Amino acid sequence: MSRRLLLLLTLTCAVGVGTVYFPQAVSPLVGAALHESPGSAALVVSAIQIGYTAGIFLLVPLGDRLPHRPFLVTLLALTGVGLLVAGCAPGLAPLIAAAAVVGVTTVAAQVIGPLAAGLVAADRRGAVLGTLLSGSTGGMLLARTFGGTLGEWLGWRAPYLAAGAVALLLAAVLARALPVTAPTSRQPYAALLAEPLRLLRAEPELRRSCLYQATVFGGFSAVWTCLALLLTGPVYGLGAHAVGMLALVGAVTMLCTPYAGRLVDRVGPDRVNLGCLLGVLLSAAVLAAGAGGGPAGPAALVAGTLLLDISMQSGMLANQARVYALRPDARSRLNTAYMTCAYLGGSGGSWLGVRIYGGTGWPGVCVLVAVLAGIALARHLVASRGPGRDARQAGDGGRGDRCASASVALPPSPRLSKQPVGRRAF
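This one's a predicted model, so the numbers in the text were calculated from it and none came from an experiment.

Peer 1: Could you clarify how one ought to interpret the overall build of the protein in this entry?
Peer 2: The secondary structure content of the protein amounts to 18 helices and zero strands. Look at the contacts in the protein between residues 6 or more apart in sequence, and 83% of them connect residues 24 or more apart. Roughly 15,600 Å² of accessible area belongs to the protein as shown, and the carbon and sulfur atoms make up 70% of that amount.

Structural data, given as structure tokens:
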């Protein structure tokens, strides 16, 4: 894979993921402009995350069935149109509906991950996935800053309209720049949709990775959804731009994920997961110190969100490396199962966090983060008593996966596809 192609794919990941996250910073502005309560305006965030989860389940499996260039261009074009419609919505209900549709189509990053994993050798996969994840992280963080700042200047509609224009521009670039790829499956659509559920039943390592990410991402989503309510509420009394500026601090995560990817290549996903889960627990304690405001409050929020961001993103990278190594001919379907579980956890965490915040305030949200991370950590400690799967994967260097990335046909799995596996190398 050339550096230019990797850069383009990284930028696409940033735009796709950023579309999911900039509404978090704009949510208070939507409530004020449309005369809705903060809890009602936060439904826009939940709607786009639920739509994103649905898009992962309904569209990402097609990455094994369709050529990537027209597929990705279509997804970005639909996302751009949906964002423009959302920016013109006359009320909260149409905005929620448009946000849900945008969530369904903005899954480009989840199509790119399996694509990139098949284009490189297994001993470089962690590093490449780390680079893509740094783009996704940058999109997520900068989107909050972009949404909050532009929303403060020009109103809540401006971020939606600007994001729509960017998505359409990127679709035009991809139409010319993306190389041609060959699908790895010719299964009908109904069979592709059913396959992630079969994979969840058949692959215990996939189920474990799904649990880790669903719980951690649930806590992460709860924090960032409720952080806007905390900063714009009576304790801090700040504007929506403050949420964006706080998110910008997390740009350090962009520098950490490539290192985390190389670390996964060296020591395996399990050790990285352990450190990340402990980091999430620690972040919950640090974030709780920001509940009372005062001089120490902002510092606690900065440190806590930074630690949470790094832990969540690095853990996602470890989980994806484990998942992509399972079956090279079904990476999009594996990713569908994994990311559907992750975003179901994120949607549930966002919804639950708003309700806990309304009842117990910010400390209750921090307790939720700790409880969810504790569930994942308990499962991880049980798994660590078994045979070292990560050591075996690191030891063989993913030789089977190297064959796939070098376009050497592998024997097909009878449960997944009757087609030979292979991709054109770039």
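Peer 1: Please explain the pattern of salt bridges as it appears in this structure.
Peer 2: Summed over the entire model, instances satisfying the criterion amount to six salt bridges. Here Arg 322 makes a salt bridge to Glu 205, at a shortest N to O gap of 3.9 Å. Here Glu 205 lies in helix H10 (residues 204-232) and Arg 322 lies in helix H14 (residues 296-324), a separation of 117 residues in the sequence. Each member of the pair, Arg 322 together with Glu 205, is buried. Between Asp 270 and Arg 322 there is a salt bridge whose closest N-O contact spans 2.7 Å. Placement of the pair is Asp 270 in helix H13 (residues 269-288) and Arg 322 in helix H14, with a sequence separation of 52 residues. Taking relative accessible area as the criterion, Arg 322 reaches 0% and is therefore assigned buried. Taken together, the shared-partner salt bridges in this structure form one network comprising Glu 205, Arg 208, Asp 270 and Arg 322.

Peer 1: Just to check I follow, could you spell out H10 for this structure?
Peer 2: Owing to its 3.6 residues per turn, the α-helix brings residues three or four apart onto one side. In this model H10 runs 43 Å from its N-terminal to its C-terminal C-alpha over 29 residues, within 8% of the 42 Å that 1.5 Å per residue would give. The largest bend in H10 comes to about 30°, at Cys 226. Across the 29 residues of H10, 25 count as buried, placing the element largely inside the fold.

Peer 1: Explain the state of the cysteines to me, please; I cannot follow it from the model alone.
Peer 2: Linking two cysteines covalently through their sulfur atoms gives a disulfide. Within this structure, the stated rule accounts for zero disulfides. Here Cys 366 stays unpaired: no disulfide links it, and the sulfur of Cys 226, its closest cysteine neighbor, is 9.5 Å away. Take Cys 366: its relative accessible area is 4%, and that puts it in the buried class.

Peer 1: What should I look at first to understand a nonpolar patch on the surface in this one?
Peer 2: A contiguous nonpolar patch, built from Val 81, Leu 84, Val 85, Leu 161 and Leu 168 and spanning about 360 Å² of accessible area, is present on the exposed surface. Locating Val 85 in the fold gives a position in helix H4 (residues 68-87).

Peer 1: Sorry if this is basic, but what is going on with the packing of aromatic side chains here?
Peer 2: How two aromatic rings sit relative to each other is given by the distance of their centres and the angle of their planes. Scanning all chains against the criterion turns up five aromatic pairs. Considering the side-chain rings of Trp 156 and Tyr 160, the 5.8 Å spacing of their centres and the 85° angle between planes classify their relative orientation as edge-to-face. Overall, the relative accessible area of 5% leaves Trp 156 in the buried class. Using a relative accessible area of 2% as the deciding quantity, one classes Tyr 160 as buried. Ring-pair connections join several aromatic residues into one group, and the members of that group are Phe 22, Phe 146, Trp 156 and Tyr 160.

Peer 1: Explanation requested: the side chain of Ser 136 in the structure shown.
Peer 2: Note that Ser 136 resides in helix H7 (residues 122-154). Note on Ser 136: relative accessible area 10%, which makes it buried. Not counting residues within four places of it along the chain, the set of residues in contact with Ser 136 comprises Cys 13, Ala 14, Val 17 and Ala 109.

Peer 1: It is not clear to me how the confidence of the model for the protein should be interpreted in this structure. Could you clarify?
Peer 2: A low pLDDT score tells you not to read the predicted coordinates there in detail. Summary statistics for the protein give a mean pLDDT of 81 and a share of 86% for residues scoring 70 or more. Every residue in residues 388-426 scores below 50 in pLDDT, and together they form 88 contacts with partners more than four places removed in sequence or on other chains.

Peer 1: Please clarify how H4 should be interpreted in this entry.
Peer 2: Its 20 residues place the ends of H4 29 Å apart at the C-alpha level, agreeing with the 28 Å of an ideal helix rising 1.5 Å per residue. Looking only at H4, the buried set comprises His 68, Phe 71, Leu 72, Val 73, Leu 75, Leu 76, Thr 79, Gly 80, Gly 82, Leu 83, Ala 86 and Gly 87.

Peer 1: Hey, could you run me through the environment of Arg 69 in this one?
Peer 2: Residue placement: Arg 69 occurs in helix H4. Take Arg 69: its relative accessible area is 28%, and that puts it in the partly exposed class. Between the alpha carbons of Arg 69 and Arg 176 there is a distance of 8.9 Å; along the sequence they are 107 residues apart. With near-sequence residues (within four places) excluded, Arg 69 lies in contact with Leu 174, Ala 175, Leu 178, Pro 179 and Val 180.

Peer 1: It is not clear to me how the nonpolar core should be interpreted in this structure. Could you clarify?
Peer 2: Generally speaking, a soluble globular protein has its nonpolar side chains buried in company with each other. Residues Leu 206, Leu 301 and Trp 362 are the most contacted members of the largest nonpolar core, which totals 105 residues. Take this core: its biggest share by element is 14 residues, from H10. Val 264, Val 272, Ala 318 and Ala 321 belong to the second-largest nonpolar core, a separate cluster that totals five residues.

Here is what the cut-offs are and how they apply
Every chain begins its residue count from 1, and numbering advances along the sequence as written. For a predicted model such as this one, the threshold for reporting local features is a pLDDT of at least 70, and the threshold for listing and counting side-chain atom pairs is 80 or more; totals across whole chains, interfaces and linings nevertheless cover every residue. By convention in this description, side-chain values take in all heavy atoms of the structure and omit both hydrogens and water. Comment: elements are numbered from the N terminus, with helices defined as DSSP H or I runs of at least four residues and strands as E runs of at least two. Residue contacts are defined here by distance: any two heavy atoms, one from each residue, within 4.5 Å place the two residues in contact. Each accessible area is a Shrake-Rupley estimate made with a 1.4 Å probe; only the visible protein chains count as cover when residues are assessed. Think of a salt bridge as a Lys or Arg side-chain nitrogen and an Asp or Glu carboxyl oxygen that are within 4 Å of each other. Relative accessibility decides the category of a residue: with a 1.4 Å probe and only protein chains considered, values under 20% of the type maximum give buried, values over 50% give exposed, and everything between is partly exposed. Multiplying one less than the number of residues by 1.5 Å gives the expected span of a helix. A residue's bend is the angle separating two fitted axes: one through the seven residues that end there, the other through the seven that start there. Two cysteine sulfur atoms form a disulfide, by the criterion used here, when they sit within 2.5 Å. Exposure above 30% relative accessible area and the absence of a salt bridge qualify a residue for a patch, where like charges join within 9 Å and nonpolar side chains (Val, Leu, Ile, Met, Phe, Trp, Tyr) within 5 Å. Think of it this way: a Phe, Tyr or Trp ring, Trp meaning its six-membered ring, pairs with another when their centres are within 6.5 Å, and the plane angle makes it stacked under 30 degrees, edge-to-face over 60, tilted otherwise. The score called pLDDT rates the predictor's confidence residue by residue, from a low of 0 to a high of 100. Think of a nonpolar core as a cluster: buried Ala, Val, Leu, Ile, Met, Phe, Trp, Tyr and Cys residues, connected wherever their side-chain atoms sit within 4.5 Å.

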